[in-house]
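Structural features, examined
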Amino acid sequence: MIDLEDELGLNQNFPSVSTLTRLFRGLPETRVYEPNRPLSVREIKADMAHDLWQIDDMGAALYPGLGHMGLLNVKDVSSRVQTGIFFKEYTHCREHPDTKDYVKMLRGAFKEFGMPKSIQSDRGSIFKENKCKSPFPTHLHLWLVGLGINFQHARAQRPTDQAVIERTHQTIYNQVYRTVDYESVEDLRKEGRKRMDKLNHRIPCASLGHPPLIQNPDAIHSGRAFEDEKALYKVERVADLLEKMEWFRKVSRAKTFALGKRVYYHSNLKRGQQIKIRFNAETMNLNCYDDKELIAEVPIKGVAYEQLTAFFDTVF
């Protein structure tokens, strides 16, 4: 490697980083690396009931007579109240729940216990775009934010961040899966619901010494009613979240780029070009930059309520 300082001398004016970038861009020997812009992790403390819920699913298990079944749970961290449970039918052992499964479970939990302030998940692909260094929020993330619920991911390599919900998986599995033979999936789901009620009202929690709703009766409802979902959803909340972020994408041969499972086209884009993308909340446009120069603006897709919920409502 050539040392420019030795070759040209200390008194020479060296080219700037941006100049060198323009010089070498496009050469076959040059590889462009995408800048890293991970989703921020906010550590939210669960001081009061319904400050923070944890959500997760348990891997598929083969249950006699029913085939492969999966278990989705949601639990309040502070009060230990189980706010949701859902058994999912699978066709094979490697299948996982999708967005519509979590939305279905959460809608039921919101109607019964009200909406929490925040929800936390692990870093699975359904909750976080993991194949990109500058991920766009998932449909589930945007839906929750639009409803006024903070959404956060557990920290990487920190399984204890999800300890409450992981313990819940074990409890439900031991008390429901291993105790009774079920004739149908519906029977299993009814038993799961009964077990949830017993855990909340009758069975003492190890960390509390009493059943959660006996120890903390105010946890029966968060005080944030879930009645008219469409009226509750505010696209301005989503816009505020997106305006704080930026993304980097490589333009395809068709002069398109993908963001949030949506494809965007603009004639000003160049094939193979790496662009920086920012969101403008005033215009509701995605602004595309080449270095610091604005080169294209395209309307954002899929953040209005009807567009977003169509992704998981039409398959119910």
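Above this text sits the structure in question.
These lines cover the structure that appears in this document, whether it is placed above or below. (Residues numbered from 1 in each chain as written. Predicted model: local features only at pLDDT ≥ 70, side-chain atom pairs only at ≥ 80, totals over all residues. Heavy atoms only, no water.)

1. Details of the overall build of the protein chain
The number of helices and strands found in the protein chain is 10 helices and 11 strands. The buried share of the protein chain, taken over its 316 residues, is 42%. The contacts in the protein chain between residues at least 6 apart in sequence include a share of 66% that link residues at least 24 apart. (Helix = DSSP H or I, 4+ residues; strand = E, 2+ residues; numbered from the N terminus. Buried < 20%, exposed > 50% of the residue type's maximum accessible area, 1.4 Å probe, protein only. Contact = heavy atoms within 4.5 Å.)

2. Some remarks on the nonpolar core
Membership of the largest hydrophobic core comes to 68 residues, with the highest contact counts inside it found for Phe110, Trp143 and Leu242. Per-element tally for this core: the top contributor is helix 3 (residues 99–113), with 7 residues. Excluding its chain neighbours within four sequence positions, the residues that come into contact with Leu242 are Phe136, Pro137, Leu142, Trp247, Phe279, Ile300 and Val303. (Core = buried A, V, L, I, M, F, W, Y, C linked by side-chain atoms within 4.5 Å.)

3. Concerning the sheet that holds strand 9 (residues 274–280)
Within a sheet, adjacent strands bond to each other through the backbone by hydrogen bonds, running parallel or antiparallel. If you trace the 4 strands from one edge of the open sheet to the other, you get 6-9-10-11, paired in antiparallel fashion. Both edges of this open sheet fall to strand 6 (246–250) and strand 11 (293–299), since each of them pairs with a single strand only. Strand-to-strand twist in this sheet, taken as the mean axis angle between neighbours without regard to direction, amounts to 30°. Inspection of the sheet shows strand 10 (residues 285–290) paired to strand 11 by 6 bridges, in the antiparallel sense. When the sheet's bridge partners are listed, Leu286 is paired in strand 11 with Val298. The sheet contacts of helix 9 (residues 235–243) involve strand 6 and strand 9, and relative to strand 9 the element is tilted by about 140°. (Pairing = 2+ DSSP bridges. Axes fitted to C-alpha atoms, helices over the stretch in contact; angles between N-to-C directions.)

4. Examining the pattern of salt bridges
Per the stated rule, a full pass over the model turns up 12 salt bridges. Between Arg107 and Asp313 there is a salt bridge, and its shortest N-O distance comes to 2.9 Å. Taken together, the positions of Arg107 in helix 3 and Asp313 in helix 10 (residues 305–313) put the pair 206 residues apart, joining distant regions of the chain. For Arg193, the salt bridge is made with Asp197, and the minimal N-O distance between the two is 2.9 Å. In this pair, Arg193 and Asp197 both sit in helix 6 (residues 185–201), 4 residues apart, roughly one turn of the helix. Exposure remark for Arg193: the relative accessible area of 33% places this residue in the partly exposed category. The exposure class assigned to Asp197 is partly exposed, which follows from its relative accessible area of 29%. (Salt bridge = Lys/Arg side-chain N within 4 Å of Asp/Glu carboxyl O.)

5. Examining helix 3
Look at helix 3: 21 Å from first C-alpha to last across 15 residues, which is about the 21 Å you get at 1.5 Å a residue. Within helix 3, 11 of the 15 residues are buried, leaving the element largely enclosed by the surrounding structure. For helix 3, the complete set of buried residues consists of Thr99, Lys100, Asp101, Tyr102, Val103, Met105, Leu106, Arg107, Ala109, Phe110 and Phe113. Note on helix 3: the residue one or two positions beyond its end, Gly114, has a positive phi of about 80°. (Expected span 1.5 Å × (residues − 1).)

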